[in-house]
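Descriptive analysis of the structure
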Amino acid sequence: MSRRRKGAAAEEEYKSSEIVSLISSLEKEPSAPRSRSRKSSLKKDSGHDSGHHGSHKEERRLRGLSIDSNDDNKSTLTGMLSAMSGRSAISTMTALTSTSTMTVTPIIAAISKHTGLSRKAAYVILTVIILSFLIWREGYRIHVNVSSSSSLNFNVQDIPVPQNADAYNNKPHLMDAAWPGHDNVNFETLVPPSEIDLLLQRRLPEIEEGHECDDILLYMPNQQLHADYGDDEHVSGVAGQLNSYLMAVMLATYTSKAMVILESKEDLVPGGSQFGCPSNALEDEDVPKGLSRLIQHSEWLSRGCSVPCQNNHNYEKWSNVRMKNGMSKFVQHTTCRNDSGWESRVLVVDDVDVQRLFENNFKGKMLHRPSPTAYNWALRLGAKKYEAQTFADLEDEEEIWDFVSALLARSGILRFQPWIAKDARNFIRLSQLPMQVSYDAFHVRRGGSVEGYENEAGLDVIPFQEYLKMWERHDCSDKARIIYIASDDPGQMKEEISNYPVGEAGNLVLPGVDECHGLSFYLREDSTSTEFMKKGSTSDCSIQYRRTISSVADLIILSKSSTFIGEFGSGFGRLVRTFRAALNDFPGREEEGPVLVRDTRVVWGKSHPGPPGV
């Protein structure tokens, strides 16, 4: 099935209930909850001189459409939508209003009958409703000019809808107000569900049918369990594995390859996964092994492709191919033939390979400007055409990586398995952290030395006082400010906090911090706690699973905090920073650059994390 057909199928789930109710007599469509993804308003300019520039001009061209208000017996609205059907951005409305079957006369008659309005007034109301739907659905700004004639002239322009700057939620909550009653959904991603572009597949470049699996990046995640697994700075830790997964996504989308995950069917570690054994989830089902036990791999990345050449390449053989190709400093592909006779060109890599290939072969190309490849890469990450043009025009390295981070975050590419989300939610509840109020978060490492800090400050770890000094820039408030502390040693942090005296108002008196600040600290339970599980277990696999859940819970809390304070020497800190980026589509904030980052403060070290996925 072609990508366009898959996108159309996914699109059916998100029809607007308002539009469906109006045309229910013509086409019945089920409605479902959907997220209102932001409509980007990045600036357009003269752009490129490359081959794709013509399509940009076409996207920006105004289209004049005329509706004769005296001819309400004809489907003028159908003609208007048909005229726009050549534009891919209107494809949804075209699907809703097929020119061969659509007639607005019954709808006009129904509106007129139930409201007592004239047919002409009912026609105008219907037109406004559908145009409003276009604004909400596609991010169009529609100009309506009323002249002395009997016609209404509409100009539809592919530029962003002005939005209130407050729409960029600087004070998010763990529970997204736009998704009430969907508790687990809020814990499946590192961004609020309402910020995810649920219609991304519809915009992806079309792949010729039958050729979706011709070029594949075969990703083999590390399934081994190291003794230092609890240290998430290690490549095998939760943050390390997720960062490597993001890097593989970057390479696959940059090279226009389908990304397929290959994991051993054998239990390479006890329980079959480096992330441990869920003791209370899917007892009657086959729980996935490896990385798939932690996250859901998106179909728009895999294009629906399976592991290539399974008739002559098993896990061991692909592993040998990977090790052989890994010895070369060049990008090595392998061509194999499938049972059906078609060939696949395969780049097989693991978590170490993707980092090596990025540094040695792709980083420079990704940063090169001008480059039509950058434009196409952005489209494959889900960018709209004017966003892709903005990305292709960027020259500053930090802005380029921030833009990629924002696209990754908006795509919802990192989505935890339902049992992971459920247990992470239960684990967070143990900390008693309020889920429907804003909060700040610190990431404080205590399990090992912070690289470079000892040479500069003569200490192994960054003192807690340094985090408080960085946080103090907040305005004073009568209410105590909630601060969540994510640490690899919660017991040590509790001991450090207990050393501070308590003031008359019951607030902690912190040296160097204005007493007008009321602070309320929250820390998670120890990662070996069994309280969040329905069934406790002392097996190594179950304990490892609890460590996984505690790490996921920390990542969710840190990513969605109003203010995050940490450092980018940590894989945790770099991953969190990736999912705090959003495209700058808010009027009045143009001078802040093409990407906004929720309040993130670095307690020590480099001020920018670098590329996502490292």
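The numbering scheme is per chain: residues are counted from 1 as the chain's sequence reads. In keeping with the model being predicted, local features are shown solely for residues with a pLDDT of at least 70 and side-chain atom pairs are shown and tallied solely at 80 or more, while totals for entire chains, interfaces and linings include all residues. Values reported for side chains reflect all heavy atoms of the structure, with hydrogen atoms and water molecules removed beforehand.

Some points on the environment of Gln296
- Numbered from the N terminus, helices here are DSSP runs of H or I no shorter than four residues, and strands are runs of E no shorter than two. Counting through the fold element by element, Gln296 comes out in the loop between strand 5 (258-261) and helix 10 (299-302).
- By relative accessible area, Gln296 is classed as partly exposed at 23%.
- Sequence separation between Gln296 and Arg415 is 119 residues, and the spatial gap between their C-alpha atoms is 5.6 Å.
- Throughout, a residue-residue contact means that at least one pair of heavy atoms, one from each residue, lies within 4.5 Å. Residues in contact with Gln296, not counting those within four places in the same chain, are Glu188, Tyr245, Ile413, Arg415, Phe416, Gln417 and Pro418.
- At a separation of 2.8 Å, a polar atom in the side chain of Gln296 contacts the main-chain carbonyl oxygen of Phe416. Type-normalised accessible area, obtained with a 1.4 Å probe on protein chains alone, sets the label of each residue: buried when under 20%, exposed when over 50%, and partly exposed for intermediate values. Side-chain atoms alone can form a polar contact between residues adjacent in sequence; in general such a contact is a pair of N or O atoms within 3.5 Å, and within protein one must be able to donate a hydrogen while the other accepts it.

With respect to the sheet that holds strand 6 (residues 334-337)
- By definition, two strands form a pair when at least two bridges between them are found by DSSP. Read from one edge to the other, the open sheet built from four strands follows the order 5-4-7-6, with strand pairing classed as mixed. Both outer strands of the open sheet, strand 5 and strand 6, are each paired with one neighbouring strand and no more. If you compare each strand with its neighbour and ignore which way they point, the axes differ by 35° on average.
- Pairing of strand 4 (residues 215-220) with strand 7 (residues 343-350) involves six bridges; the strand directions are parallel. Note on strand 7: the bridge partner recorded for Ile216 is Val346. Between N-to-C directions, angles cover 0 to 180 degrees, with each direction set by a line fitted to C-alpha atoms, over the stretch in contact for helices.

A word on the nonpolar core
- Working definition of a nonpolar core: buried Ala, Val, Leu, Ile, Met, Phe, Trp, Tyr and Cys residues. They are joined through side-chain atoms within 4.5 Å. With 91 residues, the main nonpolar core has Tyr219, Tyr245 and Leu294 as its most contacted residues.
- The leading source of residues in this core is helix 9 (residues 238-254), at 12 residues.
- When sequence neighbours within four positions are dropped, the list of residues in contact with Tyr219 reads Ser244, Tyr245, Ala248, Met259, Val260, Ile261, Leu262, Leu291, Val349, Asp350, Asp351 and Val354.
- Judged by nonpolar contacts, the second largest core, of 20 residues, contains Tyr453, Tyr467, Leu468 and Met493.

A short note on the sheet that holds strand 11 (residues 563-566)
- Strand order in the open sheet formed by five strands is 10-9-8-11-14, and the pairing between neighbours is parallel. Each having just a single partner strand, strand 10 (519-523) and strand 14 (600-602) make up the two edges of the open sheet. On average, adjacent strands in this sheet sit at an angle of 20° to one another, irrespective of strand direction.
- In this sheet, strand 10 lies alongside strand 9 (residues 481-487) in parallel orientation, the contact comprising five bridges. Within the sheet, the bridge partner assigned to Arg481 lies in strand 10 and is Leu519.
- Helix 20 (residues 540-559) contacts strand 8 (440-444), strand 9 and strand 11 of the sheet and is inclined by roughly 140° relative to strand 9.

Some thoughts on the pairing of strand 8
- Among the five residues of strand 8, five are classified as buried, and the element is accordingly described as predominantly covered.
- Burial along strand 8 is two-sided: Asp440, Phe442 and Val444 and Ala441 and His443, pointing in opposite directions, are all buried.
- Pairing analysis gives three bridges linking strand 8 to strand 11, with the strands arranged parallel. Note on strand 11: the bridge partner recorded for Ala441 is Phe564.

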